[in-house]
Amino acid sequence: MTDAARRLSILADATPSSGAGHAMRCLNLAAQWLALGGCAELLGDLRIEFVRRRANELGVAVRGSSSGGAVLLVDVYDEVRREHMAASHNWQIRVLVDDLGRGPFYSYDAVWNPNAYGEAAMYRAFTGTVLAGEDCVPLRDGLPSWDAAAQGGAVSFGGGAASALLADAIAQLPRLTGEARGWSAVDPVPCGWRRARADSPWTDLQHAKWLVTAAGSMLWEAAAVGIPVLTCVSFEHETLVAQWVRRHGAPVLDLREEEDPAALASALAAGVQRARALPRISAGARNVAARLWSLSQ
């Protein structure tokens, strides 16, 4: 079998505006694809250095373009790029990563919803293969369990750049919550707290009492770890995540409704007092990789 016949090509961005979640969840899938004997490449706008490091550690090639292969995985929101990649016939199987179930699905062969709320019923209008459900959430390997004797707070927004409003509010958390100790992946790090390690954030975050995080890939990892969370929504496409979190009894804060740093800081401080752990989720990247491997043979 040639390299092209077993190549997984991933189109995903990792920038301060998009965050690292899309690329990182696809790299979790790539790790399982490599374990099956395939090879993988990562395409897209990759400006977050720890994403590039993660790809290199796994043996995933970082490239500007591709000649094709077995599976194309498209994990971007831009409809022009989605449509353009759907028209390419350089891959045996073209897979659209989708969070909302609204389409359009163009001429993709399969759709993958990598969220715990995903279900096949969301894609009744799609005639191809649907990969969805809690057994399809692509968590990274080796996630720890939450430290029940945890102390301090934690903040992580998946590699994305925080707005000035959010950064200002986060800076006030030690004073408002009384947590003089903590970890933050958002700059500037609050006074007295430490920066969470970008490459292995759970080395630090598992020891916090609660986590403030975005409604993205980091949230599903938090569910697997078991840490109490306050979920923050910044974009319309995160609405379904927020609904799932609320259904399971954890608080959600819509950042779009706050314009004053002091008010936002107070809302964050109040929210973490109600932080709750979410239902445990098992790693599903291996399931998805096996399905795509089978489809592309």
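Computed from a prediction, not measured in an experiment: that's the story for all the values here.

### So, the overall build of the protein
Step number 1: For the protein, the count of helices and strands is 10 helices and 13 strands.
Step number 2: A compact globule built from 297 residues would reach a C-alpha radius of gyration of about 19 Å, and the protein, at 19 Å, matches this within 12%.
Step number 3: For the protein, the spread of C-alpha atoms along the three principal axes comes to 60 × 40 × 30 Å.
Step number 4: The long-range fraction of contacts in the protein, counting pairs at least 24 apart against all pairs at least 6 apart in sequence, stands at 59%.
Step number 5: In the structure as shown, the protein presents an accessible area of about 12,400 Å², 49% of it carried by carbon and sulfur atoms.
Step number 6: When the 28 basic and 31 acidic side-chain charges of the protein are each reduced to a single mean position, those positions are 5 Å apart.

### Side note on the sheet that holds strand 11 (residues 210–214)
Step number 1: If you walk across this open sheet you meet the 6 strands as 10-9-8-11-12-13, and the pairing is parallel. Single-partner strands in this sheet number two, and they are strand 10 (194–195) and strand 13 (252–254).
Step number 2: Relative to strand 11, strand 8 (residues 153–156) runs parallel, the two being bridged by 4 bridges. Looking at the pairing, Ala 154 lines up with Leu 211 of strand 11.

### Details of helix 3 (residues 79–86)
Step number 1: Within helix 3, burial applies to Arg 82, Met 85 and Ala 86. The buried residues of helix 3 occupy an angular sector of 105° when the element is viewed end-on, so they sit on one face. With respect to the buried face of helix 3, the exposed residues turned more than 90 degrees away are Val 80 and His 84.
Step number 2: In this structure, the buried residues of helix 3 make contact with strand 1 (7–12), strand 4 (69–75) and strand 5 (91–97).
Step number 3: Measuring from the backbone nitrogen of Val 80 back to the side-chain oxygen at the start of helix 3 gives 3.1 Å, which picks out Asp 78 as the cap.

Criteria and thresholds
Residues numbered from 1 in each chain as written. Predicted model: local features only at pLDDT ≥ 70, side-chain atom pairs only at ≥ 80, totals over all residues. Heavy atoms only, no water. Helix = DSSP H or I, 4+ residues; strand = E, 2+ residues; numbered from the N terminus. Rg over C-alpha atoms; globule rule 2.2 N^0.38 Å. Contact = heavy atoms within 4.5 Å. Areas by Shrake-Rupley, 256 points an atom, 1.4 Å probe, with all protein chains shown as cover. Lys, Arg positive; Asp, Glu negative; His and termini not counted. Charge placed at Lys NZ, Arg CZ, Asp CG, Glu CD. Pairing = 2+ DSSP bridges. Buried < 20%, exposed > 50% of the residue type's maximum accessible area, 1.4 Å probe, protein only. Arc of directions from axis to C-beta. Polar contact = N/O pair within 3.5 Å; in protein donor to acceptor, adjacent residues only side chain to side chain.

On their own, these measurements won't tell you what the molecule is for.
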